[in-house]
Amino acid sequence: MSLLALRAVDKIFGGLHAVRGVSFQVEKGAIFGLIGPNGAGKTTLFNVITGVYTPEHGEIAFQGKNIAGLKPALIAELGVARTFQNIRIFRTMTVAENVMVAGHHLHKASIGSAILRTRAYERDEQALTKRAHELLEILGLAELAGEVAGSLPYGSQRRLEIARGLMLSPQLLLLDEPAAGMNSQEARTLNDQIRFLRDQLGLTVILVEHNMNVVMNVCETIHVVDHGETIAEGAPAEIKVHPRVLAAYLGEETPDAEASA
Amino acid sequence: MRAAVRVAIAGAVLLAIYALRLGVEAAFTEYVQRIILLAGINVILAVGLNLINGTTGQFSIGHAGFMAVGAYGAAFVGVKLAGPVHGALGSGAFSDAIVFNLALLAGALFAGVSGLIVGMPSLRLRGDYLAVVTLGFGEIIRILFNNAAFLGSATGYFGDDPSGLPAYTNFFWVFAWVSAVVVGIHNLTFSQTGRSLTAIREDEIAAEAMATPSTRLKVTAFAISAATAGIAGGLFAHMQAGVRPEDFRFEKSIDMIVMIIVGGLGSISGAILGGIFVAVSLELMRDLQQYRLVLYALLLIVIMIVRPQGLLGTRELHHLLRRKKTAQPATPTESA
């Protein structure tokens, strides 16, 4: 059984068919790339998987259970974490607090015990703080734990979003353009970090990315969409030379152009 | 052990408030004492409102409605409880204290439940729906009390006794409740729940993607905020002979918003300062009663231009003090 399986998923906004009949499967432990030109429907697919949108048709099976149409908070709790294309960190909170927000499963103490500061509350709070710092360590943000998140440089904010997602102890991590705004050095580090997440933490990763160095380096399977439809799926080497992918990114070669060449 | 220490601390605080009360009552005229009591009640209002408007970022502009529910609820329950409790325990300061605090808790409960009823439909949605709904709620509640014959309609509720409601409210009870509310809201704000509420304010979509049950938390915070306004209402009701619908007009909700904006939305210490500021400034402006809203509007505009984050921003006084303390060892005498 695949960890995640989309079957004939449709998402329609008024007259716009943003996702049309997309199916793919992601095996446990995979690093799966999702690429396509701007407006192809990649982020819409992420939003459908994470419950921000409900698909009109189709099924989204996570660990064999159909999660299409469930509330985002519930899907997150089931083990699907994500980052956002246009960074959505909690800007006025500290880096450590940002990560701790996602730790509900470690912090079961009730509101009453928070107000009374019971022993159970403080034990949970300590466990949560400890875990947050472990995750910040993994993403290389440990020194910034006390900083206000909004003041971090762009690349660090992106890594903070990953750390925050990891706090959910997810099975599946969806990364929406994690390398955007990163320099080539940061992007290389990101490659290593993504591999680390899979190899050491046993995560399955789906990556939406425009930086082809990152995609081709780190992904084992790449799924290509254009205008909401699947146009190809395969290993990086196949995708690089796939005629429909090239056409989608670079435009069709017209007979005229061929003739003049 | 831990519990014993806490009970001891709570006892010491109450003793200190009691000693302060004796001092205040000896040192100040009744006029000044009344302003001090109003300041305490304002602090409860402001700290409670700040939880929803400041920390959670969901704007309520009808909190006077919840204060009214608490005031009427506490006054009514107090009047009805006084007979049986005095019958069982005899009359005296002790049974008065029991009646009064049960009445305050009843007022808080009524206000909290109205908060749930108002919050559940309006907080499911993102956006400014809460502001619109609370604005309407504040007016509807006032009109309901204006027409409720068993609560005295427009003349107000004065209890069954011709001399009016018993004047239970004094320095001790006001500041005992101020301490309880400030400590409770502070602990809630600086907890996992508080972090989640702040996360909802900062970015609700991201908070939900991080498994935060946003609707449930918003409704809970709103109900707690309404309940604290209810406690303030109960204390306010027992400061005077009766509760009147016109005590809870829209202006009262605006006063509360001024409190939290002056002090800094999202800061508990700011709310405390704001509550005191409004109590004192209302007294100073007593002669220009009907122009006071104009002055408050001017003040809000000036604050928005000069210091949009309010006096303290989202920071707390003790954070500023701590920062100063950590900076101190850098002085030459200390390092030598």
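Keep in mind the model is a prediction, meaning the values are calculated, not measured. (Residues numbered from 1 in each chain as written. Chains lettered and ligands numbered in written order. Predicted model: local features only at pLDDT ≥ 70, side-chain atom pairs only at ≥ 80, totals over all residues.)

A short note on the overall build of chain A
At step 1: Helix and strand counts for chain A stand at eleven helices and ten strands.
At step 2: In terms of overall size, chain A behaves like a compact globule, its C-alpha atoms giving a radius of gyration of 20 Å where 261 residues would be expected to give roughly 18 Å.
At step 3: Evaluated residue by residue, chain A yields a buried proportion of 45% over its 261 residues.
At step 4: Taking contacts inside chain A between residues at least 6 apart in sequence as the whole, the part at least 24 apart equals 65%. (Helix = DSSP H or I, 4+ residues; strand = E, 2+ residues; numbered from the N terminus. Rg over C-alpha atoms; globule rule 2.2 N^0.38 Å. Buried ≥ 20, exposed ≤ 12 C-beta atoms within 10 Å, placed from the backbone. Contact = placed C-beta atoms within 7 Å.)

Quick look at the overall build of chain B
At step 1: Within chain B, the regular secondary structure consists of 14 helices and zero strands.
At step 2: Against the compact-globule benchmark of 20 Å for 336 residues, chain B has a radius of gyration of 21 Å, which places it among compact chains.
At step 3: Dimensions of chain B, computed from the C-alpha atoms along their principal axes, are close to 70 × 50 × 50 Å.
At step 4: A separation threshold of at least 6 residues defines the contact pool for chain B, and within that pool the share at least 24 residues apart is 81%.

A few points about the interface of chain B and chain A
At step 1: Each partner contributes residues to the interface: chain B has 25 residues there, and chain A has 27 residues.
At step 2: Among the secondary structure elements, those contributing two or more residues to the side of chain B that touches chain A are α6 (171-189), α7 (192-202), α8 (204-209) and α9 (214-237) of chain B.
At step 3: Taken together, the residues of the side of chain B that touches chain A sort by class into nine nonpolar, eleven polar and five charged. (Nonpolar A, V, L, I, M, F, W, Y, C, P; charged D, E, K, R; others polar.)

Regarding the sheet that holds strand β6 (residues 80-82) of chain A
All names here are of chain A.
At step 1: Read across the open sheet, the six strands follow the order β6-β7-β8-β3-β9-β10; overall the sheet is mixed. Looking at the sheet topology across the chains shown, the edges are occupied by β6 and β10 (229-234). Geometrically, the sheet is characterised by an average inter-axis angle of 20° between neighbouring strands, direction not taken into account.
At step 2: Bridge count for strand β7 (residues 172-176) against strand β8 (residues 204-208) is five bridges, and the pairing is parallel. The residue of β8 that forms the bridge with leucine 173 is valine 205.
At step 3: Across the face of the sheet, helix α1 (residues 42-49) comes into contact with β3 (31-35), β6, β7, β8 and β9 (221-226) while running at roughly 150° to β7. (Pairing = 2+ DSSP bridges. Axes fitted to C-alpha atoms, helices over the stretch in contact; angles between N-to-C directions.)

Side note on the confidence of the model for chain B
Residues and elements named next belong to chain B.
At step 1: Confidence in the prediction for chain B averages 88 pLDDT; 94% of positions are at 70 or higher.
At step 2: Within chain B, helix α14 (residues 332-335) has the poorest average pLDDT of any element, 35, and α9 the best, 96.
At step 3: Low pLDDT (under 50) marks residues 326-336, which in the prediction has three contacts with non-local residues, meaning those over four places away or in another chain.
At step 4: Of the two predicted TM-score estimates for the complex, the pTM is 0.90 and the ipTM is 0.89. (pLDDT = per-residue confidence, 0-100.)

Description of the domain arrangement of chain A
Accessible area lost upon the coming together of the parts serves often as the stated size of an interface.
Residues and elements named next belong to chain A.
At step 1: Parsing chain A into structural domains produces domain 1 (1-79 + 170-261) and domain 2 (92-169).
At step 2: On the side of domain 2, eight residues touch domain 1, which itself brings nine residues to the contact.
At step 3: Taken together, the residues that form the side of domain 1 that touches domain 2 break down as six nonpolar, two polar and one charged. (Domains from an automatic or database assignment.)

Considerations on the pairing of β3 of chain A
Residues and elements named next belong to chain A.
At step 1: Taking burial as the measure, the five residues of β3 include five buried ones, the bulk of the element.
At step 2: Across the two faces of β3 the burial is the same, with Ile31, Gly33 and Ile35 and Phe32 and Leu34 all buried.
At step 3: Of the strand pairs in this sheet, β3 and β8 are connected by four bridges, and their pairing is parallel. Note on β8: the bridge partner recorded for leucine 34 is valine 208.

Digging into the packing of helix α2 (residues 30-55) of chain B against α9 of chain B
Residues and elements named next belong to chain B.
At step 1: Running from N to C, α2 and α9 cross one another at 170°; their axes reach a closest spacing of 8 Å. Here α9 runs roughly antiparallel to α2, going by the angle between their axes. Listed contacts from α9 to Ile41, Ile44, Leu45, Val47, Gly48, Leu49, Leu51 and Ile52 of α2 are Ala221, Phe222, Ile224, Ser225, Thr228, Ala229, Ile231, Ala232, Leu235 and Phe236.
At step 2: In terms of residue class, the contact of α2 with α9 is made up of 15 nonpolar, three polar and no charged. (Parallel < 35°, antiparallel > 145°, perpendicular 65-115°, else oblique.)

Overview of the pairing of β7 of chain A
All names here are of chain A.
At step 1: Counting buried positions along β7 yields five of five residues, so the element is predominantly enclosed.
At step 2: Burial along β7 is two-sided: the face carrying Leu172, Leu174 and Asp176 and the face carrying Leu173 and Leu175 are both buried.
At step 3: You can see the chain leave β7, run along helix α7 (residues 184-201) and come back into β8, and the turn it takes is right-handed. (Right-handed = clockwise from strand over helix to strand, strands pointing away.)

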